[in-house]
Amino acid sequence: MKSTPFNPELSRRKFINSLGCLTIGFSLTSTPWASAEPLLAEEKLPGSLQKHPRIDAWLEVLGDGRVRVLTGKMELGQGLRIAIAQVAAEELDLEVEQVEVHLAETGRTPNEGYTAGSGSMENTAMSVRYAAAAARQALLELAAKQWDVSTDRLSMASGRVLWDASKEPLTFAELLNGAQLEQEVKLPVRLKARSEYRYVGKPILRKDIEQMVRAQPFYVQDLRFPGMVHARVVRPPAYEAKLLEFNESTFQAKVPGLLKVVKNGSFLGLITTDEYQAVQGQLLAREHVRWSTPKPLPQGQPLINYLKKLPTSSRTVKEKGAVEVLDKPTKSTWKAEYFKPYQMHGSIGPSCSVALYDGQVLHVWTHTQGVFPLRDALSKMLGMKPESLHVIGVPGSGCYGHNGADDVAADAALLALAYPNKPVRLQWSREEEHAWEPYGSAMWMAAEANLDASGRITHWRYGLWSDSHSTRPGGNAGNLLAARYLEKSFERPSSGYSGGAYRNSEPYYAIPNLKVDSHFFEGPLRVSALRSLGAYGNIFAIESFMDELAHRAQKDPIEFRLMHSEDERSMEVLKKLQEVLRPEKLNANEGIGVAFSRYKNVASYCAVAAKVAVDKKTGDVRLLKMWAVIDAGEVINPDGVKNQTEGGMVQAASWTLKEEVLFDKQHVSSRDWYSYPIFRCGEVPEVEVVVIDRPNEEPLGAGEAAQGPAAAAVVNAIYRACGKRVRHLPVKAAYLK
Amino acid sequence: MEADVTIEVNGKKHMLRVDPATPLLYVLRNQLELNGPKYGCGLEQCGSCMVLMDGVAMPSCRVPVESMQGRAITTLEGLTRADGALHPVQQAFVNEQAAQCGYCLNGMVISAVALLQANKKPDEAAIREGLQRVLCRCSVQPRVIRAVQRAAGTLQ
Ligand code: FES
Ligand code: FES
């Protein structure tokens, strides 16, 4: 019998004893703590941990010897879970397999807002690292007390604390004796010495890929509950169309399995027994419904011309020195204007949600990027207390920003409330996802600069014009699509220029005189956060312009960027890219283009190169290869960083070469993969990514760093291949002929 | 409207009472509770719903279930061996970590299996061709190509 001394700091919370048995694998791999020269973290706690300082907010010891990490973030395919498991296993000397990661859930996990902006490593992974390190210390102290020995003599392995061979090791569960670690993480925190790392910095395989290839239930789309029914929403033909008339009785007679029609203002939904009945009902409803005809969309003219006529509100993002000399152009002045169209997230699996109202609590299973902000927005839309809503994060198809995930959850919530005690599943159609998701805003950008005799930039003026890049729910009901159509409808709030449009609008170069202005307009289409927000458009413009300036200064494009760099880490990624490209040979119609940025000017450094072949007769561009060099600070999982960077740059190349959301006078006309084509396998380039690990720096997200540089690298490569400068996206063959 | 339809999926016959016009995909997912084939577009444009029909990779999102009678359908689930061991193509996807969100992975694996059945030593162009119907928005195609090359190696 082991006795655990009473410890007032321990809570009485019981284990979730999932296996009811304490036998686990055991290996003596760990070195005693004393020899490991721990790192003493004294400065400040990671952001999320400051808000949720208790250890048990972040991790729970399970009765079967495993540890459950609670994160307020979501798995979006970025490999969040493995990175978090690596960090926790490292500090607690567990096997990675012994760490289970619980994704965002209201009432259960810390509230970490949105899983966005590549902030999960800085915040969550670091919070988990500190919480796990504090837990380690607390567990060692418990064991030390029990054995009456100093903690220096103890070590840990596979969920047990060890002393010497004569003593039976104590499992974490035994040490806690049914409690959890309720104490707060306090500075200083002893972190494991990096030289002792077994997992962090290594390409540990993601566990979820095996679940995927085995076709295990994994996605929100795979949820199946007993008695589950299916629903679809009948969308209006235009954003502002109002429901005038719905012939319910003739409709009802025609839809087999129809359980309920839900009509609330202009929101119209139907619930059926089988999914295919709902699919057919959704199509059929169009014949039984009459909508108002709102003001037409501004089609029939180049979008940029229309956007330029819109009223704007402006603000200066950055001003340094004086740029008025640019008002009087000289022959060393260069100007250019760039444009990017509306682009869509284009998730492969349309958004999906399951909701169940049990008479008291509304449960919503969703692949939102933020369960807490969604809960708050739903609470306002439905007039329910936040405590009556239980929002559970489940992975979905990759989203790349704010797609239809929150909207479909709102749809399902409304329908489930109207049809209590049954789980209601709703998946959008392809057409809904394409035509109703909030797009990445169209933008136009104007740049001008002066060069001195040595080819240095002396003056730089840049303006960008854009709609918002964030209309996430954020607790705001009006940002949920359905809320705008309800009888008691919610206005769409205007987020103005706070919406991320000017992200990366300031060049990350040393330029003595500089001015950057951001102009905000309200465009014709629904918009929100698309991977990297305004950074894609801004870096496309800035890095194209840098290339144009390099050409005028008769400098090599990488040298030109190096000339204007002050940050050692910028220089290192650029030099590494230079080295990687050195052996490349080019044929007559081929070119290599490069581009660089530091994401948000404070996060990951990324230099991208693209090699293209341009057929001058047809104007066809073949993207042959892309390279990236990325410095994302301390690397938790190098393969994760690689995967994100490869995917990010290829996706951005698809945006750049092919994509543009089109609309007619009624609504969006890009409604399927033929009218909105993206890269298919035959168009995807070969890729090569070099990751620079900086173990002593803060880990930074890598998911969005490549978007902007990839765009500019592609157009710069096209310029090198055929001498045509593309400033208007997407790249069109007609222009290159 | 409903009728009895018998289909053979992953080596097992299933007698179902369904609307015979229901696309195969809905029957596989909802009646047979399979997770492999996924809804992506319902338009035969994206390949999320791929299954093997008599060994050929085909989208299942539009074909009526009644037209599948007498044909052998294999889904992603059916590739795993009875003892739980992964098919070499499945294994190669794990080894190459050829996924991000993984939503496209069903279509990729099914297409790769069909390709390698028809062509034991596909070159890169043939692999790309074999995967052309399947869209991946996370853009992991370079990894998928590597996984198929690896699987081709182990299958020899
Ligand atoms: S769902 Fe069948 S091809 Fe897209
Ligand atoms: S891995 Fe996400 S769509 Fe392919």
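Analysis parameters
- Residues numbered from 1 in each chain as written.
- Chains lettered and ligands numbered in written order.
- Predicted model: local features only at pLDDT ≥ 70, side-chain atom pairs only at ≥ 80, totals over all residues.
- Heavy atoms only, no water.
- Helix = DSSP H or I, 4+ residues; strand = E, 2+ residues; numbered from the N terminus.
- Rg over C-alpha atoms; globule rule 2.2 N^0.38 Å.
- Buried < 20%, exposed > 50% of the residue type's maximum accessible area, 1.4 Å probe, protein only.
- Phe/Tyr/Trp six-rings, centres within 6.5 Å; stacked < 30°, edge-to-face > 60°.
- Lys NZ or Arg CZ within 6 Å of the ring centre and 35° of its normal.
- Pairing = 2+ DSSP bridges.
- Contact = heavy atoms within 4.5 Å.
- Axes fitted to C-alpha atoms, helices over the stretch in contact; angles between N-to-C directions.
- Buried area = accessible area lost by both parts, 1.4 Å probe.
- Salt bridge = Lys/Arg side-chain N within 4 Å of Asp/Glu carboxyl O.
- Polar contact = N/O pair within 3.5 Å; in protein donor to acceptor, adjacent residues only side chain to side chain.
- Core = buried A, V, L, I, M, F, W, Y, C linked by side-chain atoms within 4.5 Å.
- Expected span 1.5 Å × (residues − 1).
- Domains from an automatic or database assignment.
- Nonpolar A, V, L, I, M, F, W, Y, C, P; charged D, E, K, R; others polar.

- Per an unreviewed UniProt entry, chain B goes by Nicotinate dehydrogenase subunit A and derives from Rhabdobacter roseus.

- The name an unreviewed UniProt entry gives chain A is CO/xanthine dehydrogenase Mo-binding subunit, with Rhabdobacter roseus as the organism.

1. Describing the overall build of chain B
And then number 1: Tallying secondary structure elements over chain B gives five helices and five strands in all.
And then number 2: Moving toward the C terminus, one meets the helices and strands of chain B in the order β-β-α-β-β-β-α-α-α-α.
And then number 3: Here the C-alpha radius of gyration of chain B, 15 Å, is about what a compact globule of 156 residues would show, namely 15 Å.
And then number 4: By principal-axis analysis of the C-alpha atoms, chain B measures approximately 45 × 30 × 25 Å.
And then number 5: Here chain B, with 156 residues, has 62% of them falling under the buried criterion.

2. Remarks on unusual backbone geometry
Residue and element names in this part refer to chain A.
And then number 1: A cis amide bond links L187 to the next residue, P188, at an omega of -5 degrees.
And then number 2: Relative to the helices and strands, P188 is located in the loop between α5 (172-176) and β8 (189-191).
And then number 3: A cis geometry characterises the amide bond from L729 onward to P730, with omega recorded as -5 degrees.
And then number 4: Looking at where P730 falls in the secondary structure, it is placed in the loop between α17 (707-722) and α18 (733-736).
And then number 5: One non-glycine residue, N504, lies in the positive phi region at around 60 degrees.
And then number 6: If you trace the backbone, N504 turns up in the loop between β21 (457-466) and β22 (513-520).
And then number 7: Since its relative accessible area comes to 6%, N504 is described here as buried.

3. Some thoughts on the packing of aromatic side chains
Geometry of an aromatic ring pair is reported as the spacing of the ring centres plus the angle between the planes.
And then number 1: Taken as a whole and assessed by the stated rule, the structure comprises 14 aromatic pairs over all chains.
And then number 2: Taking the centre distance of 4.7 Å and the plane angle of 45 degrees together, the rings of F225 of chain A and W365 of chain A count as tilted. Pair noted here: F225 of chain A is in the loop between α6 (208-213) and β9 (229-234) and W365 of chain A is in strand β17 (residues 362-366), with a separation of 140 residues, a long-range link.
And then number 3: Note on W365 of chain A: relative accessible area 15%, which makes it buried.
And then number 4: Ring centres of Y536 of chain A and W655 of chain A lie 4.9 Å apart, and the angle between their planes is 80 degrees; on these two criteria the pair is classed as edge-to-face. Of this pair, Y536 of chain A sits in helix α13 (residues 535-552) while W655 of chain A sits in helix α16 (residues 638-658); the two residues are 119 residues apart in sequence, bridging distant segments of the chain.
And then number 5: Judged by its relative accessible area of 1%, W655 of chain A falls in the buried class.
And then number 6: Among the aromatic side chains, those forming a connected cluster through ring pairs are F218 and Y219 of chain A together with Y103 of chain B.
And then number 7: The aromatic ring of Y114 of chain A is capped on one face by R472 of chain A, whose charged end is 4.8 Å from the ring centroid.
And then number 8: Note that R725 of chain A overlies the ring of Y719 of chain A, its terminal NZ or CZ placed 4.6 Å from the centroid.

4. Things to note about the sheet that holds strand β7 (residues 170-171) of chain A
Residues and elements named next belong to chain A.
And then number 1: Ordered in space as β5-β6-β7, the three strands form an open sheet in which the pairing is antiparallel. The open sheet has two free edges, formed respectively by β5 (155-157) and β7, since each of these has just one partner strand.
And then number 2: One ladder, built from two bridges, connects strand β6 (residues 160-162) with β7; its direction is antiparallel. Counterpart to V161 in the pairing with β7 is L170.
And then number 3: The sheet contacts of helix α4 (residues 120-147) involve β5, β6 and β7, and relative to β6 the element is tilted by about 50 degrees.

5. What to know about the interface of chain A and chain B
And then number 1: Facing 63 residues of chain A, the contacting portion of chain B comprises 53 residues.
And then number 2: With both chains or domains summed, chain A and chain B bury close to 4800 Å², and 53% of this area falls on carbon and sulfur atoms.
And then number 3: The largest share of the area that chain A buries against chain B comes from V213, R224 and C681 of chain A, three residues that together contribute 15% of it.
And then number 4: At the junction of chain A and chain B, the tally comes to four salt bridges.
And then number 5: Across the salt bridge formed by D639 of chain A and R143 of chain B, the nearest N and O atoms sit 3.0 Å from each other.
And then number 6: Joining chain A to chain B, the criterion identifies 38 residue pairs in polar contact (both at pLDDT 80 or more).
And then number 7: Put simply, the parts of the chain that give the side of chain A that touches chain B at least two residues each are α6, α8 (275-285), α16 and β26 (686-692) of chain A.
And then number 8: Per-element accounting of the side of chain A that touches chain B gives the leading share, 10 residues, to α16 of chain A.

6. Structural notes on the side chain of S544 of chain A
Residue and element names in this part refer to chain A.
And then number 1: One can find S544 in helix α13.
And then number 2: Among the polar contacts made by the side chain of S544, one reaches the main-chain carbonyl oxygen of F540 at a distance of 2.6 Å.
And then number 3: Apart from the residues within four sequence positions on either side, S544 is in contact with Y338, I539, A712, V715, N716 and R725.

7. Some details on the environment of H230 of chain A
All names here are of chain A.
And then number 1: For H230, the location among the structural elements is in strand β9.
And then number 2: In this structure H230 comes out as buried when scored by relative accessible area, which is 5%.
And then number 3: In sequence terms H230 and L258 are 28 residues apart; their C-alpha atoms lie 9.7 Å from each other.

8. A short note on the pattern of salt bridges
A side chain of one charge can pair with a side chain of the opposite charge when the charged atoms of the two come close.
And then number 1: Applying the stated rule across the entire model yields 61 salt bridges over all chains.
And then number 2: Of the charged contacts, one joins E448 of chain A and K335 of chain A as a salt bridge, the two residues approaching to 3.7 Å between their closest N and O atoms. Here the residue E448 of chain A occupies a position in strand β20 (residues 443-451), and K335 of chain A occupies one in strand β15 (residues 333-340), the gap between them amounting to 113 residues.
And then number 3: Overall, K335 of chain A belongs to the partly exposed group, its relative accessible area being 48%.
And then number 4: Here K13 of chain B makes a salt bridge to E8 of chain B, at a shortest N to O gap of 3.8 Å.
And then number 5: Assessed through its relative accessible area of 63%, K13 of chain B is described here as exposed.
And then number 6: On the basis of relative accessibility, which here comes to 26%, the residue E8 of chain B falls in the partly exposed class.
And then number 7: Linked by salt bridges that have partners in common, E543, D547, E548, R561, R720, R725 and R727 of chain A make up one network.

9. Focus on the nonpolar core
And then number 1: In this structure, L362, L378 and M381 of chain A together with F93 of chain B are the most contacted members of the largest nonpolar core, which totals 172 residues.
And then number 2: Top element by residues in this core is α4 of chain A. It accounts for 17 residues.
And then number 3: The contact partners of L362 of chain A, leaving out residues within four places of it in the chain, are A355, L356, Y357, L382, M384, S388, L389, H390, A413, A416 and L417 of chain A.
And then number 4: Counting 90 residues, the second largest nonpolar core, distinct from the first, contains W460, A595, V690 and A702 of chain A.

10. Focus: the sheet that holds strand β2 (residues 12-18) of chain B
Residues and elements named next belong to chain B.
And then number 1: Reading across the sheet, the five strands line up as β2-β1-β5-β3-β4 and stay open at both edges, with mixed pairing between neighbours. Among the strands making up the open sheet, the edge pair consists of β2 and β4 (56-59). Averaged over all adjacent pairs, the angle separating strand axes in this sheet is 40 degrees, with direction ignored.
And then number 2: The sheet contacts of helix α1 (residues 24-31) involve β1 (3-9), β2, β3 (50-53) and β5 (72-74), and relative to β2 the element is tilted by about 100 degrees.
And then number 3: Here helix α3 (residues 105-118) sits on the sheet and contacts β3, β4 and β5; the angle it forms with β3, its principal contact strand, is near 25 degrees.

11. Quick notes on α13 of chain A
All names here are of chain A.
And then number 1: Helix length check: α13, at 18 residues, gives a terminal C-alpha distance of 25 Å against a target of 26 Å (1.5 Å per residue), a fit within 8%.
And then number 2: In terms of burial, α13 is largely enclosed, as 16 of its 18 residues are buried.
And then number 3: Looking at the residues trailing α13, positive phi occurs at Q554, about 55 degrees.

12. What about the domain arrangement of chain B?
All names here are of chain B.
And then number 1: Considered domain by domain, chain B is made up of domain 1 (3-78) and domain 2 (88-155).
And then number 2: Domain 1 and domain 2 are separated by 21 Å when their C-alpha centres are compared.
And then number 3: In this assembly, domain 1 packs against domain 2 so that about 1300 Å² is buried in total across both faces, 59% of it on carbon and sulfur atoms.
And then number 4: Connecting domain 1 to domain 2 are zero salt bridges.
And then number 5: Where domain 1 touches domain 2, the interface holds six residue pairs in polar contact (both at pLDDT 80 or more).
And then number 6: Sorting the residues of the side of domain 1 that touches domain 2 by element identifies β3 and β4 as the ones contributing at least two each.
And then number 7: Partitioning the side of domain 1 that touches domain 2 into residue classes produces 11 nonpolar, seven polar and one charged.

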